[in-house]
Amino acid sequence: MKEDYLQRKERWAKKMSKKTRLANPSTGRLPPGQHEVSNFPVLDLGVHPEIPVGEWTLKIHGEVEKPVTLDWKHFMALPQFCDISDFHCVTTWSQFDMEFSGVAFFTLADLVKPKPNATHLFFIGYDGYTTNTQLDACMDDDVLIAHTWNGKPLKLEHGGPARMIIPKLYAWKGAKFIREIIFRDYDELGFWEKRGYSNSADPFAEDRFA
Ligand SMILES: Nc1nc2c(c(=O)[nH]1)N[C@H]1C(S)=C(S)[C@@H](COP(=O)(O)O)O[C@H]1N2
Ligand SMILES: [Mo]
């Protein structure tokens, strides 16, 4: 684990907690306080678990009618989906026109059939990373589990073989190396959410800190 990175980010969240936000206007496509990059930086805890696709599974369970554990073959046999979106990291970089392909979240939701009491999602990565969202946030048609970026298999450092992409939220809400998705009738804070980062994480509201 990159302890210095973790501590720096934690200190920042603590410092900024409950501070009145600067009223930075958003310049159109770029959320307030962000700058544009084009090199797709890597940002994570420094653990890149190498999971061969032959050993990869994605377990989807919790408040659903039909829990499943997908292996790679099953995952790739599901209807495939491609979406171009903008990617916003809370550390202030944004990259436009990211083309991700994979399986749409709504396809997985159709498969497992959420129970009426499911309100939240909890995500777990193969590196032990966790994050959480409202179920609603992932039912938009731009949310997917991506295995391909700009036409090439998603690199390990970007969360391959597969990661969550939730374009409307800051990128820490998108778990890389996705291993488990749990539908819940309650909310539980994930890794950064427990360390001072916003639970709602809306880039256009500059909703960075708790
Ligand atoms: N499994 C896992 N997913 C993760 C992280 C992580 O450390 N582990 N970091 C998050 C953060 S803080 C960001 S900004 C994005 C960065 O994705 P990238 O490295 O592909 O740019 O991944 C998110 N998903
Ligand atoms: Mo991040």
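What counts and what doesn't
- Residues numbered from 1 in each chain as written.
- Chains lettered and ligands numbered in written order.
- Predicted model: local features only at pLDDT ≥ 70, side-chain atom pairs only at ≥ 80, totals over all residues.
- Heavy atoms only, no water.
- Near = heavy atom within 4 Å.
- Polar contact = N/O pair within 3.5 Å; in protein donor to acceptor, adjacent residues only side chain to side chain.
- Areas by Shrake-Rupley, 256 points an atom, 1.4 Å probe, with all protein chains shown as cover.
- Nonpolar A, V, L, I, M, F, W, Y, C, P; charged D, E, K, R; others polar.
- Core = buried A, V, L, I, M, F, W, Y, C linked by side-chain atoms within 4.5 Å.
- Buried < 20%, exposed > 50% of the residue type's maximum accessible area, 1.4 Å probe, protein only.
- Helix = DSSP H or I, 4+ residues; strand = E, 2+ residues; numbered from the N terminus.
- Salt bridge = Lys/Arg side-chain N within 4 Å of Asp/Glu carboxyl O.

**Q** I tried to follow the site of ligand 1 on my own but got confused; where do I start?
**A** P41, D127, H158, R163 and K176 are the nearest of the 22 residues found near ligand 1. Note that an oxygen atom of ligand 1 is positioned 2.7 Å from one of the side-chain N or O atoms of R163. With respect to ligand 1, the backbone of G174 contributes an N or O atom lying 2.9 Å from a nitrogen atom. Within the complex, 100% of the 530 Å² of free accessible area of ligand 1 lies under protein. When the residues that make up the shell around ligand 1 are grouped by side-chain class, the tally is 15 nonpolar, two polar and five charged.

**Q** When you look at the nonpolar core in this model, what are you seeing that I'm missing?
**A** It is characteristic of soluble globular proteins that their nonpolar side chains tend to be buried jointly. In terms of nonpolar packing, the biggest core is built from 43 residues, with F105, M164, I181 and F183 touching the most fellow members. Those elements giving two or more residues to this core turn out to be helix 1 (3-16), strand 2 (57-62), strand 3 (68-71), helix 2 (72-77), helix 3 (105-112), strand 6 (120-125) and strand 11 (178-184). It is helix 3 that contributes the most residues to this core, four residues altogether. Listed in part, the 14 residues of the second largest apolar core include M98, F100, A104 and A171.

**Q** Looking at this structure, how should I read the pattern of salt bridges?
**A** In a structure, side chains of opposite charge can pair up when their charged atoms sit close to one another. If you walk through the whole model with that rule in mind, you get nine salt bridges. The residue R29 makes a salt bridge to D86 at a minimum N-O spacing of 2.8 Å. Within this pair, whereas R29 is found in the loop between helix 1 and strand 1 (35-36), its partner D86 is found in strand 4 (residues 81-88), the two being separated by 57 residues in sequence. Judged by relative accessible area, R29 falls into the partly exposed class, the value being 40%.

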